[in-house]
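What follows is the residue order along each chain.
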Amino acid sequence: MGRKFIVSVFLATILCAVTQGEAQLQKPPTIPGFFAPGSPVDLVKCWSSLFSVEGCVLQISKSIFSGKFENVEAACCKTFSTLNANCWPHMFPLNPFFPPLLKDNCAPIIRTQLKP
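K.L.:
Describe the overall build of the protein, listing the residues and the values that go with them.
P.N.:
The helix and strand tally for the protein stands at six helices and zero strands. Listing every helix and strand of the protein by position from the N terminus yields α-α-α-α-α-α. With 116 residues in all, the protein has 23% of them scored as buried. For the protein, the exposed area adds up to about 8800 Å²; of that, 65% sits on carbon and sulfur atoms.

See below:
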């Protein structure tokens, strides 16, 4: 009886050690289109500039769902146009065509603001 107990404890210890070692080697799961751990693009930095302009994220969200860009104000357009293009696929993973459309629609608004 004592020998079976010792063998069982030994096997349980080895099983725990192997399982723990494998768990440490596994990469965390990722969702396609979103950031992988250690990704060079920082999602917080990408969104923070838009959040710094009052109402900008709401304006962009409305334009995503309505397909209309006229509600995006000049300050929001200017901020969006300065975003790194590497941020776009991570910020809008479900609609990759939206960022270029918004940037194109913002260009005349920004030009109008720059005129004296």
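K.L.:
Lay out the nonpolar core with the relevant residues and their values.
P.N.:
By size, the foremost hydrophobic cluster in this structure holds 20 residues, and its most contacted members are Leu50, Ile60, Phe80, Met91 and Leu102. Of all the secondary structure elements, the ones that give two or more residues to this core are helix 2 (43-51), helix 3 (56-66), helix 4 (74-81), helix 5 (88-91) and helix 6 (98-114). Counting residues per element, this core draws most heavily on helix 6, which supplies four residues. Ignoring any residue separated from it by four or fewer positions in sequence, one finds Ile60 in contact with Leu50, Cys76, Phe80, Phe92, Phe98 and Leu102.

K.L.:
Explain helix 3 residue by residue, including any values.
P.N.:
Regarding helix 3, the residues found buried are Cys56, Val57, Gln59, Ile60 and Ser63. The arc that holds the buried residues of helix 3, viewed along the axis, is 160°, so those residues lie on one side. Residues of helix 3 that are exposed and angled more than 90 degrees away from the buried face: Leu58 and Phe65. In the stretch just after helix 3, Gly67 is the one whose phi turns positive, near 80°.

K.L.:
Account for the confidence of the model for the protein, with residues named and values stated.
P.N.:
Residues of the protein with pLDDT of at least 70 account for 62%, and the chain-wide mean is 76. Below a pLDDT of 50 lies the segment residues 17-25, which in the model reaches zero contacts outside its immediate sequence neighbourhood of four places, other chains included.

K.L.:
Can you tell me about the state of the cysteines, naming the residues and giving the values?
P.N.:
If you walk through the whole model with that rule in mind, you get three disulfides. Disulfide pairing is shown between Cys56 and Cys76; the S-S distance is 2.0 Å. When the S-S torsion is 70°, as for the bridge of Cys56 with Cys76, the disulfide is right-handed. Taken together, the residues Cys56 in helix 3 and Cys76 in helix 4 connect sequence positions 20 residues apart. Pair check on accessibility: Cys56 and Cys76 agree, each one buried.

Rules and cut-offs
- Residues numbered from 1 in each chain as written.
- Predicted model: local features only at pLDDT ≥ 70, side-chain atom pairs only at ≥ 80, totals over all residues.
- Heavy atoms only, no water.
- Helix = DSSP H or I, 4+ residues; strand = E, 2+ residues; numbered from the N terminus.
- Buried < 20%, exposed > 50% of the residue type's maximum accessible area, 1.4 Å probe, protein only.
- Areas by Shrake-Rupley, 256 points an atom, 1.4 Å probe, with all protein chains shown as cover.
- Core = buried A, V, L, I, M, F, W, Y, C linked by side-chain atoms within 4.5 Å.
- Contact = heavy atoms within 4.5 Å.
- Arc of directions from axis to C-beta.
- pLDDT = per-residue confidence, 0-100.
- Disulfide = S-S within 2.5 Å.

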